[in-house]
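# Chain and residue survey
Here are the chains, one letter per residue:
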Amino acid sequence: MTSAQTLTRDVLVLGAGPTGLYGAYYAGFRGLSTVVVDVLPQVGGQVMALYPEKQIRDVAGLPSIRGRDFVAALKEQADAFEPTYLLGRQAVALTHEDGQPVVTLDDDTVIRAGAVVITAGIGTPRARPLEVGTEWLSTGLSYFVVDPQAHREQDVVVVGGGDSALDWADALAPIANSVTLVHRRAAFRGHAATLARVEASPITTVLTQCQVTALDGDLAGGRLEKVTVRHTSGTEQVLAADHVIAALGFISDIGPLRDWGLALRGRSIEVDRAMRTNLPRVYAAGDIADFDGKVKLMSVGFGEVALAVNHVAVDLDPDLTLFPGHSTDEP
C-alpha cells in the first residue's frame, strides 16, 4: 500500500485482535467487503502482543489452545473472504460525508466505508520501558516476542514479574541456551503454576530483588553481550546475554478515538443493544464497547461483533434481513 491512497469498502474494522478478525470473517460471510486497520505490526491484538505462547482456555469449543495458534486460526477464517489488512497504521481522524464515515490514517490513507466497527480492545498498547538500554531496542532489547524461534540457542534475560514475563521464560526454556528471569521484588504477580515450571527448569535461573542496570556489547554491530544486574544488597552481577525481553506490562490509550465525538465511559465506548455508538454508522464491539451488564470476555466480543455486523448489513441494504441464516444452511 502507498501513502495518500483512498480505499472504499463496505466495512472498516478498527482493531485486528480476535474480535476484529472474527468481525472481518462475519462481514465477509454477509457479503460485505472489509478493510482491517491496526496500529500493531501484526494481527492478534493483545493475544499476540502479550501472551502468544500462553494457553487460552475460555473460548467455547476449545479446551485449550496456544494464543499464537488461536490467532492464526481466526485469520485463516477471516482470509476466506479476502479482507484488506493495513497494519502498523493508526486511524487518526473520522468525518462523515453524505452520512457515511470517512477515516484518515496516520500515513494519509483515506478509507471511505459504509460503516465502521471499532474493535480496538483496550486501546493502543504502549510498553512500559526498561529504565536502561533503550538504545538496544530492535537489536538486543524487545518488549514482546514475535517469533520465539528467533531466540533459539540464545542466552536470554527476561525482566518482569507478571504473567507475560513468566510465560516468556517458560516458553523459551526448551529452545534457549539459557534463560534468566530478573524481578525487582521477591514475590511474583504471575500464575503460580507457571512460576513453578520456570523454577523447575534446569536451564533457567530466577533472580529476585534486583534490577537490570546496564546492557553492553557491540551496539554498532547489533550484538548484545552482557547484562549487569544490581541486587538490593548493592552487589552487582554480570550475565551473558544475547537478548533482553522486558516484559514489564503495557499502558493502554484509546488515542485519537477520544477526539472523535464518541460517547465514552472512561476508556470505553458506549453502545446500544445493536452495538451502535452515538455516531452515524459507527459501531463498537469487544473490550472497548461498554453497556450496562458488560462482561469483558473474548467469547462475549465474538457475539457482539456478529451482532454489530448484522446490523451494519441491514443499514447498508435495507432489503436484507437482520438474521442471515446459519453457515451450515444449504445454499
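Structure: see above.
Let me begin by describing the structure that accompanies this report. (Residues numbered from 1 in each chain as written. Predicted model: local features only at pLDDT ≥ 70, side-chain atom pairs only at ≥ 80, totals over all residues. Heavy atoms only, no water.)

### So, the overall build of the protein chain
Rules: By definition, any uninterrupted DSSP run of H or I lasting at least four residues is a helix, any uninterrupted run of E lasting at least two residues is a strand, and each is numbered from the N terminus. For a compact globule the rule gives 2.2 Å times the number of residues to the power 0.38, and the radius of gyration it is set against comes from C-alpha atoms. Between buried and exposed lies partly exposed: a residue is buried under 20% and exposed over 50% of the maximum accessible area for its type, with that area taken using a 1.4 Å probe on protein chains only. A 1.4 Å probe and the Shrake-Rupley method give the accessible areas. Residues count as covered only by the protein chains that appear here. Under the convention used here, Asp and Glu are negative, Lys and Arg are positive, and both His and the chain ends fall outside the count. The atom standing in for a charge is NZ when the residue is Lys, CZ when it is Arg, CG when it is Asp and CD when it is Glu.
Within the protein chain, the regular secondary structure consists of six helices and 22 strands. A globule of 331 residues ought to have a C-alpha radius of gyration of about 20 Å, and the protein chain, at 22 Å, matches this closely. Within the protein chain, the proportion of its 331 residues that are buried is 49%. Split by element, the accessible area of the protein chain, about 15,300 Å² in all, is 49% carbon and sulfur. Of the side-chain charges in the protein chain, 27 are positive and 40 negative, and the distance between the mean point of each set is 5 Å.

### Re the nonpolar core
Quick note on the threshold: Joining through side-chain atoms within 4.5 Å is the link that ties buried Ala, Val, Leu, Ile, Met, Phe, Trp, Tyr and Cys residues into a set, and such a set is a nonpolar core. Contacts: residue pairs with any heavy atoms within 4.5 Å of one another.
By size, the foremost hydrophobic cluster in this structure holds 60 residues, and its most contacted members are L12 and I118. In terms of residue count, helix α6 (residues 298-316) provides more of this core than any other element does, eight residues in total. The residues contacting L12, other than those within four sequence positions of it, are V35, V37, V103, I111, A113, A115, V116 and V117. Counting 19 residues, the second-largest nonpolar core is a separate cluster that includes W136, V182, V227 and A241.

### Considerations on the packing of helix α1 (residues 18-29) against α6
Two packed helices can be described by the angle between their axes and the distance between those axes. Inclusion rule: Helix axes are fitted to C-alpha atoms over the stretch in contact, other axes to C-alpha atoms as well, and angles between N-to-C directions run from 0 to 180 degrees. Should the near helix be turned anticlockwise from the far one by less than a right angle, the crossing is termed left-handed; should it be turned clockwise, right-handed. Under the scheme applied, nonpolar residues are Ala, Val, Leu, Ile, Met, Phe, Trp, Tyr, Cys and Pro; charged residues are Asp, Glu, Lys and Arg; polar residues are all the others, including Gly.
In contact at an axis separation of 9 Å, α1 and α6 are set at 35° when each is read in the N-to-C sense. Relative to α6, α1 is oriented so that their crossing is right-handed. Seen from α1, the contacting residues are P18, T19, Y22, G23, Y26 and A27; seen from α6, they are M298, G301, F302, V305, A306, V309 and N310. Residue composition of the contact of α1 with α6, grouped by class: nine nonpolar, four polar and no charged.

### Thoughts on the sheet that holds strand β10 (residues 141-142)
We apply this condition: Think of it this way: DSSP has to see at least two bridges between two strands before they count as a pair.
Spatially, five strands are ordered β10-β17-β11-β12-β13 in an open sheet, and the strand pairing comes out parallel. Whereas interior strands pair on both sides, the edge strands pair on one side only; in this sheet they are β10 and β13 (204-208). Summarising the sheet, strand β11 (residues 155-159) and strand β12 (residues 178-183) pair through five bridges and their orientation is parallel. Bridging across to β12, V157 finds its partner in T180. Each of β11, β12 and β17 (243-246) is contacted by helix α4 (residues 163-172), which is oriented at about 165° to β11, the strand it contacts most.

### Topic: unusual backbone geometry
It is generally the case that most residues other than glycine have a negative phi and that most peptide bonds are trans. In the Ramachandran plot, S138 falls in the positive-phi region, its phi being about 80° despite a non-glycine side chain. Take S138: it is sitting in the loop between β9 (124-127) and β10. Relative accessible area serves as the criterion here: at 71%, S138 is assigned to the exposed category. For M275, which is not glycine, the phi dihedral falls at a positive 70°. Among the secondary structure elements, M275 is positioned in the loop between β20 (268-270) and β21 (282-284). By relative accessible area, which is 3% here, M275 ends up buried.

### So, the packing of aromatic side chains
Defined as follows: By convention, a stacked pair of Phe, Tyr or Trp rings (six-membered ring in the case of Trp) has centres within 6.5 Å and planes under 30 degrees apart, an edge-to-face pair has planes over 60 apart, and any other such pair is tilted.
Within this structure, the stated rule accounts for eight aromatic pairs. Judged by centre distance (5.7 Å) and plane angle (35°), the ring pair of Y22 and Y25 falls under tilted. Highlighted residues: Y22 and Y25, both in helix α1, separated by three residues, approximately one helical turn. No difference in accessibility class separates Y22 from Y25, as the two residues are buried. Three or more aromatic residues joined by ring pairs make a cluster, and in this case those are Y22, Y25, Y26, F29, F70, F81 and F302.

### Examining the environment of Y85
Tracing the chain through its elements places Y85 in strand β5 (residues 84-87). Using a relative accessible area of 19% as the deciding quantity, one classes Y85 as buried. Taking C-alpha positions, Y85 is 17 Å from V102, a pair spaced 17 residues apart along the chain. Among all residues touching Y85, those that are not within four sequence positions of it are L21, V36, V43, K75, A78 and D79.

### With respect to the sheet that holds strand β19 (residues 264-265)
The sheet built from three strands is open, its strands ordered β19-β20-β22 with mixed pairing. For this open sheet the edge positions go to β19 and β22 (289-290), each flanked by a neighbour on one side alone.

### Things to note about the pattern of salt bridges
Basically, it comes down to this: Any Lys or Arg side-chain nitrogen found within 4 Å of a carboxyl oxygen on Asp or Glu counts as a salt bridge.
Tallied over the entire structure, the rule returns 13 salt bridges. One salt bridge connects D290 with R265, and the closest N-O pair in it is separated by 3.6 Å. With D290 in strand β22 and R265 in strand β19, this residue pair connects regions lying 25 residues apart in the sequence. A residue is classified by how much of its surface remains accessible, and D290, at 16% relative accessible area, is buried. One salt-bridge network, in which partners are shared between bridges, spans R265, E270, D290 and D292.

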